[in-house]
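# Structure at a glance
Residues per chain are reported as follows:
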Amino acid sequence: MEGFPILSLMMLVPLAGALMCLFAGARAARWIALSATLVTFGLGIALWSNYQIGGVQWQFTERAELFAGFSYALGIDGIALMLIMLSVFLMPVCILSSWEAITRRVGEYMAAFLFMEVLMIGTFAAQDLFLFYMFFEAGLIPMYLIIGVWGGDNRIYASYKFFLYTLLGSVLMLIAMFWMVAEAGTSDIPTLMQYSFPPQAQIWLWLAFFASFAVKVPMWPMHTWLPDAHVQAPTAGSVILAGVLLKLGGYGFIRFSLPMFPEASAQLAWLVFGLSMVAVVYTSLVALVQHDMKKLIAYSSVAHMAIVTVGLFAFNVQGLEGAMIVMLSHGLVSGALFLCVGVIYDRLHTREIARYGGLSINMPYYALFFMLFTMASIGLPGTSGFVGEFLSLAGIYQTSSTVALICTTGIILGAAYMLYLYRRVAFGGQTNADAAAMPDISPREWAMMAPIAAAVLWMGVYPESFLAPMRADIAALDARIAAAAPQSDAALAAGTPRAAAANALPHRQSAGHASAEEGAH
Amino acid sequence: MDFGHSFALVAPELLLSAAGLALLLVAAWGGDNAARAIAISAAAAVFGAGIMLVPGLHVGIDGPATLAFGSLLKIDSYALFAKALIYLAAIGALIIAPAFFSSAAAGSERGMRAEYPVLVLFASLGMSIMVSANDFMSLYLGLELNSLSAYVLAAILRRDTRSGEAGLKYFVLGALASGILLYGMSLLYGFTGGTGFVAVREGLGGELGTGALFGLIFVLSGLAFKISAVPFHMWTPDVYEGAPTPVTAFFATAPKVAAVALTARVVFEVFGGQVAAWQQIVMFMALASIIFGALGAIGQDNLKRLLAYSSINNIGFILLGLAVANAAGAAAMLVYLFIYVVMSIGSFVALLMLRDNEGALFETFADIRGLSVTQPAIAWALLVFMFSLAGIPPLLGFFAKFVVFQATVEAGLVAFGAIAIAASVIGAFYYIKFVKVMFFDAPADVVTGRSGAAHWVLLGLTAAIISPLGYLLTRSLTDLADKAAAALFLVP
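Residues numbered from 1 in each chain as written. Chains lettered and ligands numbered in written order. Predicted model: local features only at pLDDT ≥ 70, side-chain atom pairs only at ≥ 80, totals over all residues.

## Comments concerning the overall build of chain A
Of regular secondary structure, chain A possesses 23 helices and 2 strands. By the compact-globule yardstick of 24 Å for 521 residues, chain A fits well, its C-alpha radius of gyration being 25 Å. Seen through its C-alpha atoms, chain A measures out along the principal axes to roughly 105 × 65 × 40 Å. Of all 521 residues assigned to chain A, the portion counted as buried reaches 59%. If you take every contact in chain A between residues at least 6 apart in sequence, the share linking residues at least 24 apart comes to 81%. (Helix = DSSP H or I, 4+ residues; strand = E, 2+ residues; numbered from the N terminus. Rg over C-alpha atoms; globule rule 2.2 N^0.38 Å. Buried ≥ 20, exposed ≤ 12 C-beta atoms within 10 Å, placed from the backbone. Contact = placed C-beta atoms within 7 Å.)

The following block contains the structure:
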């Protein structure tokens with residue numbers, strides 16, 4: 001595979017599909033989109049199987065000096081590989097979920113999704129700072145259209161909010177990038193990851209990048225665009241938004257903020273911790289009182305992504321690995337939960353929780369899948385959610401037990417709102433006649449749920465498959481940031497050993513006491 | 001003075017003048033029936049003049065060999081680059097005009113007037129002189145030749161009251177600005193004893209006295225009017241709205257390029273020693289144009305007015321490159337100008353294609369509702385232009401902002417750049433409103449007319465350049481712009 005431009009090919013296939021979809025009829029567009037995404041997924045599998053674990057850090061590199069000011073440079077490490085796999089895995093599912101739900105302007109819809117796929121792969125594979133920015137930012141256009149054209153009733157407001165929020169966040173990052181490139185003299189990401197910027201400047205650069213990634217993740221209080229965007233977007237739009245686009249923020253932290261500005265990351269970790277703690281508790285409580293299923297899952301996303309951010313800024317291997325697994329797991333699980341909402345939304349055209357009830361009676365298979373994903377979202381052992389959240393929280397516990405304590409309440413609250421949601425939708429009596437008449441999931445819906453369910457279980461039972469490619473990269477990152485790691489309150493400190501055992505009683509040789517001692521025996 | 005050498009340098013201008021005079025005669029005898037042929041010949045003449053620029057642009061020329069007519073003109077790479085852009089815009093304005101004037105959009109005066117192409121030729125000639133001026137006299141000569149042609153062009157639909165109003169407004173305010181400029185020039189002459197750029201520069205020495213400072217400010221204000229930078233922008237929306245759309249397309253492109261190029265030449269070659277004196281003025285105008293251009297556009301319902309504010313907004317970003325006050329900034333400014341010209345021509349061509357069966361034009365938001373369903377090709381092209389104007393990658397408009405902001409940050413003006421880029425988000429609001437109306441709203445279904453091949457070709461071409469494919473041009477574009485900017489920074 002050496003020298004074969006597989007990453008470019010993975011972007012070219014959906015791009016060609018997108019252009020074809022623009023001119024194709026509805027039926028043809030669906031099939032073109034499905035085959036393009038499946039071919040890309042196939043290429044993704046080839047990519048993973050040819051990725052050499054323990055090989056050089058950057059593999060499948062490509063470089064061409066096509067543009068002025070920046071170069072077309074691609075290449076992936078294990079972290080990027082896993083996120084690319086997540087993207088290409090979710091895309092066919094998205095296309096399938098829109099198969100019947102989208103009836104208007106199908107060609108343009110499929111084209112928008114395929115463009116989105118190109119941009120997502122490009123973002124994760126870019127090795128040039130500005131190329132990354134281009135892919136990162138270009139995603140606004142298709143997503144704006146997806147929300148605005150095929151969204152719900154309040155789609156205009158949601159699309160504007162999404163667009164302007166994200167744009168404002170990222171333009172400051174661009175200014176910071178210019179400064180970095182002027183300072184370091186290169187826009188090559190691997191080189192910049194080793195470059196030491198002056199600590200004073202790092203703070204500003206970090207804040208500029210933070211503005212962008214914190215909106216994208218999203219972190220409290222920049223999260224308000226997310227519930228609106230999720231609620232209004234079509235099902236597949238929500239899946240891709242929660243599944244991949246939110247991960248761009250986390251990827252940004254792990255690729256840029258941490259390795260490029262380690263000192264600033266350490267100094268400002270309190271900010272990330274503070275916002276994340278608020279997010280975990282506050283958004284979980286907000287999720288608890290939602291009447292709209294999509295909104296509930298959207299708020300739960302904010303809470304889960306907060307676990308990612310604390311894990312990232314824990315400055316140790318466990319935290320980083322945990323954050324990555326939570327990202328992957330959340331990508332699958334929240335995507336799947338949005339699909340679950342979409343399945344019943346397609347039948348009843350409402351997201352109101354109260355309009356459903358007792359679905360496990362008439363839709364047993366659906367209830368089964370929904371249960372699995374609910375449990376994965378809560379973090380039940382055996383599912384992917386457990387692995388990630390456990391590692392993440394174990395990581396942060398080493399740095400700050402207070403943060404760990406508060407973030408762990410998120411697991412409990414998560415169980416509360418997810419189980420409450422599940423009870424209201426799937427259990428209880430069949431109060432609504434129309435909900436009770438809904439048919440169980442179709443083969444098409446099986447085809448989109450079953451692979452995700454399998455992946456969730458695989459990641460829960462044998463996470464090593466997913467951790468192995470990332471291990472060396474995370475170790476390298478940990479080595480890079482270790483010097484700057486903040487003071488931790490839970491680190492083990494070697495004390496002076498006691499002379500005697502802690503429970504040893506004072507031993508006296510007087511006669512009176514000796515008899516008492518023997519009596520005690 | 002070697003006249004042969006001088007004439008060789010101004011060969012494109014000579015061609016334009018000769019063609020203009022000849023076509024004027026044809027117009028006098030042939031009348032409006034010959035208008036189409038005149039337009040084609042005029043476009044050919046401009047194209048020919050453009051071809052003459054190619055060798056010099058390619059090699060990059062500067063130094064004393066580029067001075068013509070006793071240093072009145074300076075035909076260096078910088079002038080060539082600006083001229084190439086001006087000619088491109090003029091050709092665009094000539095191509096799109098006939099279809100417009102022969103349709104119902106032209107009101108009761110159907111049929112293109114034969115003077116239109118001739119006036120465009122003379123305006124281009126004036127702009128050519130402007131950008132190659134090396135003396136305040138030749139500067140003023142070129143400026144007025146351009147302005148007088150432009151006043152007439154704005155009012156060319158004589159029975160249309162809006163067109164007449166636009167012409168009159170443009171004339172009155174333009175004359176005022178010319179007066180201000182002239183006053184500034186006379187002050188500079190009084191304090192330095194020369195009108196040549198070199199003479200004034202040497203006369204100013206290191207320090208600016210109060211009188212010379214006034215001269216500088218008056219000159220800059222006069223020029224700011226011509227480029228419609230805030231706070232001298234008030235005429236722009238009215239003139240753009242009232243003038244016939246092909247004329248508006250012309251105004252938004254060629255004169256802007258000429259005036260910006262001229263401003264840059266004046267500030268660098270005349271006031272190059274007093275950067276601190278004008279840099280803050282330009283910085284203020286840049287920021288103010290970005291912010292007020294964007295805020296003004298938000299409330300607009302008329303698309304032409306909106307594009308007028310958008311051009312004010314864009315001028316702000318162009319001035320950002322100027323404010324950097326180094327060769328990188330000037331090169332960035334030139335790159336921006338090129339991309340701006342292409343985007344503007346493209347958007348105006350798209351506006352010209354919004355017509356009903358009779359050919360009458362639509363120009364409000366209400367008319368383009370749901371355009372993506374009824375006229376998908378136009379809607380997608382407009383989407384490309386609008387996102388590009390907003391500076392969203394991967395469209396070429398992002399590259400324009402990219403080079404400008406890169407130059408700003410590299411020169412150390414980080415806070416200035418940060419404020420400007422944050423203000424650019426305000427602009428994104430109305431550009432995405434365009435997209436929202438076309439793509440999200442229910443179709444109004446009034447745009448039913450068909451457009452000619454010329455429009456489609458121009459639309460396709462500009463959209464292809466603005467699409468990500470345009471990035472393949474960026475290497476040669478920046479190379480040309482670097483050469484041009486380098487010519488500007490040779491100490492005389």
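## Section: the overall build of chain B
Helix and strand counts for chain B stand at 20 helices and 2 strands. Counting only C-alpha atoms, chain B reaches 65 × 55 × 40 Å along its principal axes. Each of the 492 residues in chain B was classed as buried or not, and the buried ones make up 62%. Within chain B, counting contacts between residues at least 6 apart in sequence, those at least 24 apart form 79% of the total.

## What about the interface of chain A and chain B?
Tallying the contact residues gives 28 residues for chain A and 28 residues for chain B. Among the secondary structure elements, those contributing two or more residues to the side of chain A that touches chain B are α5 (129-138), α6 (140-150) and α7 (155-184) of chain A. Considering each element in turn, the side of chain A that touches chain B owes the most residues, 14 residues, to α7 of chain A. Of the residues assigned to the side of chain A that touches chain B, the class counts are 24 nonpolar, 2 polar and 2 charged. (Nonpolar A, V, L, I, M, F, W, Y, C, P; charged D, E, K, R; others polar.)

## Some thoughts on the environment of Gly56 of chain B
All names here are of chain B. Structurally, Gly56 can be placed in helix α3 (residues 35-59). Residues Gly56 and Gly346 lie 290 residues apart in sequence; the distance between their C-alpha atoms is 28 Å. With residues near it in sequence (within four places) discarded, Gly56 still touches Ile61, Ser77 and Leu80.

## Quick word on the pairing of strand β2 (residues 72-76) of chain A
One face of the sheet, then the other: side chains in a regular strand alternate in exactly this way. All names here are of chain A. Of all 5 residues making up β2, 4 are buried, and the element is well covered by its neighbours. Two elements, strand β1 (residues 59-64) and β2, share 4 bridges in a ladder whose sense is antiparallel. When the bridges of β2 are listed, Gln59 appears paired with Ile76. (Pairing = 2+ DSSP bridges.)

## Things to note about the packing of helix α4 (residues 77-101) of chain B against helix α19 (residues 453-466) of chain B
All names here are of chain B. One can describe the packing of α4 onto α19 by two numbers: an axis separation of 9 Å at closest approach and a directional angle of 145°. α4 and α19 meet at a crossing whose hand is left-handed. Along the contact surface, α4 presents Gly92, Ile95, Ile96 and Ala99, while α19 presents Ala454, His455 and Leu458. When its residues are assigned to classes, the contact of α4 with α19 shows 5 nonpolar, 2 polar and no charged. (Axes fitted to C-alpha atoms, helices over the stretch in contact; angles between N-to-C directions. Left-handed = near helix turned anticlockwise from the far one by under 90°.)

## Quick look at the confidence of the model for chain B
Looking at chain B, pLDDT values average 90 and 99% of them are 70 or higher. Both scores are available for the predicted complex, with the pTM at 0.92 and the ipTM at 0.92. (pLDDT = per-residue confidence, 0-100.)

## Notes on the packing of helix α17 (residues 364-378) of chain A against helix α19 (residues 401-426) of chain A
Residues and elements named next belong to chain A. Between α17 and α19, the least distance of the axes is 9 Å, while the angle of their chain directions is 170°. Classified by the interaxial angle, the pair formed by α17 and α19 is roughly antiparallel. In contact with Ala367, Phe370, Met371, Thr374, Ser377 and Ile378 of α17, α19 contributes Gly414, Ala415, Met418, Tyr422 and Ala426. A per-class count over the contact of α17 with α19 returns 8 nonpolar, 3 polar and no charged. (Parallel < 35°, antiparallel > 145°, perpendicular 65-115°, else oblique.)

## Section: unusual backbone geometry
Across residues other than glycine, the phi torsion is negative in most instances, and most of the peptide bonds are trans. Pro221 of chain A follows Trp220 of chain A through a cis peptide bond whose omega is 5°. Tracing the chain through its elements places Pro221 of chain A in the loop between α9 (199-216) and α10 (225-232). Here the bond from Val230 of chain B into Pro231 of chain B is cis, since omega is 10°, no more than 30 degrees from zero. With respect to the helices, strands and loops of the structure, Pro231 of chain B is situated in the loop between α9 (210-226) and α10 (235-242). In the Ramachandran plot, Phe60 of chain A falls in the positive-phi region, its phi being about 55° despite a non-glycine side chain.

## So, the environment of Ala80 of chain A
Residues and elements named next belong to chain A. The residue Ala80 is located in helix α3 (residues 78-97) in this model. Residue Ala80 is classed as buried on the basis of its C-beta count, with 27 C-beta atoms lying within 10 Å. In the structure, Ala80 is positioned 43 residues away from Thr123 in sequence and 9.1 Å away in space, judged by C-alpha atoms.

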